[in-house]
Amino acid sequence: MKKYLLAILFISLFGQVQSQNTINQNLKAELDSIYKSDQFFREYLDSETTDARKSEILKETGYTDDGSFRSRVWSMINVQDSINIIKVEKIISRYGYPGKSLVGEPTNESAWYVIQHSKKISNYLPLIEEAATKGEIPFTRFAMMQDRYLTQQGKEQIYGTQAQGKLIANKQTGKEEFFTYISPIQNPEKVNERRKKAGFTTTVEENAKRMRIEYKVYTLDDIAKIF
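Residues numbered from 1 in each chain as written. Predicted model: local features only at pLDDT ≥ 70, side-chain atom pairs only at ≥ 80, totals over all residues. Heavy atoms only, no water.

Draft legend 1. Structural view of the overall build of the protein. Across its full length, the protein carries 11 helices and 2 strands. Reading the helices (α) and strands (β) of the protein from amino to carboxyl end gives α-α-α-α-α-α-α-α-β-β-α-α-α. C-alpha atoms of the protein, sized along the principal axes, occupy 80 × 45 × 35 Å. Counting across all 227 residues of the protein, residues that qualify as buried make up 36%. Of the contacts formed within the protein by residues at least 6 apart in sequence, a portion of 60% connects residues at least 24 apart. Counting only carbon and sulfur atoms, one obtains 52% of the accessible surface of the protein, whose full area is about 14500 Å². Of the side chains in the protein, 33 bear a positive and 29 a negative charge, and the two mean positions are spaced by 3 Å. (Helix = DSSP H or I, 4+ residues; strand = E, 2+ residues; numbered from the N terminus. Buried < 20%, exposed > 50% of the residue type's maximum accessible area, 1.4 Å probe, protein only. Contact = heavy atoms within 4.5 Å. Areas by Shrake-Rupley, 256 points an atom, 1.4 Å probe, with all protein chains shown as cover. Lys, Arg positive; Asp, Glu negative; His and termini not counted. Charge placed at Lys NZ, Arg CZ, Asp CG, Glu CD.)

Draft legend 2. Highlighting the packing of helix α2 (residues 25-45) against helix α3 (residues 51-61). The interhelical angle for the contact between α2 and α3, taken along N-to-C directions, is 130 degrees, at an axis separation of 9 Å. Classified by the angle their axes make, α2 and α3 are oblique. Along this stretch, α2 crosses α3, giving a crossing that reads as left-handed. Within the contact between the two elements, α2 uses Lys36, Phe40, Phe41, Glu43 and Tyr44 and α3 uses Arg53, Lys54, Ile57, Leu58, Glu60 and Thr61. (Axes fitted to C-alpha atoms, helices over the stretch in contact; angles between N-to-C directions. Parallel < 35°, antiparallel > 145°, perpendicular 65-115°, else oblique. Left-handed = near helix turned anticlockwise from the far one by under 90°.)

Draft legend 3. Summary view of unusual backbone geometry. Put simply, Glu105 and Pro106 share a cis peptide bond, and its omega is 5 degrees. Residues other than glycine seldom take positive phi values, yet Arg212 does so here, at roughly 60 degrees. Taking the relative accessible area as the measure of exposure, Arg212 reaches 60% and is therefore exposed.

Draft legend 4. Representation of the pairing of strand β2 (residues 176-182) in the model. Relative to β2, strand β1 (residues 163-169) runs antiparallel, the two being bridged by 7 bridges. Bridge assignment links Gln164 to a residue of β2, and that residue is Tyr181. (Pairing = 2+ DSSP bridges.)

Draft legend 5. Expanded view of the environment of Arg72. By secondary structure assignment, the location of Arg72 is in helix α4 (residues 69-95). For Arg72, a relative accessible area of 30% translates into the label partly exposed. Sequence separation of Arg72 and Asp46 is 26 residues, and the distance between their C-alpha atoms is 15 Å.

Draft legend 6. View of the environment of Leu27. Structurally, Leu27 is set in helix α2. A relative accessible area of 3% means that Leu27 is categorised as buried. Between the alpha carbons of Leu27 and Val103 there is a distance of 6.9 Å; along the sequence they are 76 residues apart. With near-sequence residues (within four places) excluded, Leu27 lies in contact with Ile91, Tyr95, Pro98, Leu102 and Val103.

Draft legend 7. Spotlight on helix α8 (residues 139-152). Taking 1.5 Å of rise per residue, 14 residues should cover 20 Å, and α8 covers 20 Å from first to last C-alpha, within 8% of that figure. Looking at the packing, one finds that the buried side of α8 touches α6 (110-116), α7 (121-133) and α9 (191-198). Directly after α8, the chain includes Gly154, whose backbone phi takes a positive value near 75 degrees. (Expected span 1.5 Å × (residues − 1).)

Draft legend 8. Expanded view of the packing of aromatic side chains. Inspection of every chain in the model, using the stated rule, returns 14 aromatic pairs. A ring pair is formed by Phe41 and Tyr63, whose centres lie 6.0 Å apart and whose planes are at 75 degrees; its orientation type is edge-to-face. Of the two residues, Phe41 is situated in helix α2 and Tyr63 in the loop between α3 and α4; the sequence distance between them amounts to 22 residues. For Phe41, a relative accessible area of 12% gives the class buried. Residue class for Tyr63 comes out partly exposed when judged on its relative accessible area of 35%. Arranged with centres 4.9 Å apart and planes meeting at 80 degrees, the rings of Trp112 and Tyr113 form a pair that is edge-to-face. The pair Trp112 / Tyr113 is uniform in exposure class, with both members buried. (Phe/Tyr/Trp six-rings, centres within 6.5 Å; stacked < 30°, edge-to-face > 60°.)

This is how it looks when you write it as structure tokens:
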């Protein structure tokens, strides 16, 4: 019995070593660095980021919050995004999508973030779907990208992952207010069924609350009338 258990343990450990050996460590390190640059200032803008963490980000990047920094952040993010998509496209042209079997988890999502934040979703959506179908990235990532692509096309999203916001004039006060909403959804009465099947662990209502948005069902016509 001991020999049997030792054999099982050896096989398990050998399998883990083999799995580690198949990881492209250089590519993993490159993608980890790309991911960090993608998220750094987005984390600073996140409403859930603490003041202490914001100070760490500023210190690490060499910036100071002089009052105008926040207004400049998005231009900095856009520049970094344009650099990152070039790097990721080179990686994809050589390796295909760098998924779990190539770079491990969570590095397998690094290229997804860059594509999600680019203007090239339409170019890579089929590749992301293929990677998700093969288990190289979570299927929820494909679902989120598909939703973003659809909303960018002015169409209804499927899983309710995307929110939008625009300045509108308050009809009562005449002042401009920022209106945020969950983008219109196909068959919204069944969206939570689709979310569960796709692997999401929250409902559309819970997801909206996480984004600090009051969930309300809007049609494309509703939104067109508001704006």
